[in-house]
Amino acid sequence: DAGVTQTPRHEVAEKGQTIILKCEPVSGHNDLFWYRQTKIQGLELLSYFRSKSLMEDGGAFKDRFKAEMLNSSFSTLKIQPTEPKDSAVYLCASSLGTANTEVFFGKGTRLTVV
Amino acid sequence: GDSVTQTEGLVTLTEGLPVMLNCTYQSTYSPFLFWYVQHLNEAPKLLLKSFTDNKRPEHQGFHATLHKSSSSFHLQKSSAQLSDSALYYCALSYPYSNNRIFFGDGTQLVVKP
């Protein structure tokens, strides 16, 4: 039973580069989330999709972060251009989308920007 | 707006002592509350969630009681184990805001021998 799959697991980028993170949600799930996780800020919502439509786009992240969901089984998060402060773990998660259902997380992509 | 507050960023205690991690929330409607746990280098996963019929959820020795009067859903365990060391997130959702889930900032629990 496949969970949420994220690739790559680790990414090292130079400042100014463009990177694309990938996510495959649990099959049949309607909601997909992208979070940034740091020790200081905790979980920060970057984007939230419902049935492939963008429902929420984290205000502070709009200028360099762009998430897309071209089909129900695949999403990407592009960071362009990367900055050292973007170094963090990026988590993708999915759920059925009803109020009391579980959110399933991927193992994340650890991004280091040098 | 909807929000979840976890007042403690770090809780350190000795094995065998009771655990209580605080969670309070602010929401316009009656929410569903959750606790998620994340062990080192793993993905966050659901630990327990509130029931609609006010039963107390329990899992792996942890339990939490939803108190609507105080808007709280504190996580408790009678005796901490070393393996309980992890990052714990409280979260809420309800049917009136696109069903989106809102997470607190997390509490790091460190259990020492």
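Here's a quick rundown of the structure. This is a predicted model, so every value here is computed, not measured.

## Regarding the sheet that holds strand E7 (residues 65-71) of chain A
All names here are of chain A.
Alright, step 1. Pairing is antiparallel across the open sheet formed by four strands, whose spatial order is E1-E3-E8-E7. What marks the edges here is a single partner per strand, and that holds for strand E1 (5-7) and E7. Taken pair by pair, the neighbouring strands of this sheet meet at an average axis angle of 20 degrees, ignoring direction.
Alright, step 2. Taken together, the five bridges between strand E3 (residues 19-24) and strand E8 (residues 74-79) define a ladder with antiparallel strand orientation.

## Examining the interface of chain B and chain A
Alright, step 1. Between chain B and chain A, the residue contacts involve 20 residues of the former and 23 residues of the latter.
Alright, step 2. For the interface between chain B and chain A, the tally reads zero salt bridges.
Alright, step 3. Counting every contact that joins chain B to chain A gives three residue pairs in polar contact (both at pLDDT 80 or more).
Alright, step 4. Within the residue set of the side of chain B that touches chain A, elements represented by two or more residues are strand E5 (32-38), strand E6 (45-49) and strand E10 (86-93) of chain B.
Alright, step 5. Top element by residues in the side of chain B that touches chain A is E5(B). It accounts for four residues.
Alright, step 6. The residue makeup of the side of chain B that touches chain A, split by class, is 12 nonpolar, five polar and three charged.

Cut-offs and rules
- Residues numbered from 1 in each chain as written.
- Chains lettered and ligands numbered in written order.
- Predicted model: local features only at pLDDT ≥ 70, side-chain atom pairs only at ≥ 80, totals over all residues.
- Heavy atoms only, no water.
- Pairing = 2+ DSSP bridges.
- Helix = DSSP H or I, 4+ residues; strand = E, 2+ residues; numbered from the N terminus.
- Axes fitted to C-alpha atoms, helices over the stretch in contact; angles between N-to-C directions.
- Contact = heavy atoms within 4.5 Å.
- Salt bridge = Lys/Arg side-chain N within 4 Å of Asp/Glu carboxyl O.
- Polar contact = N/O pair within 3.5 Å; in protein donor to acceptor, adjacent residues only side chain to side chain.
- Nonpolar A, V, L, I, M, F, W, Y, C, P; charged D, E, K, R; others polar.

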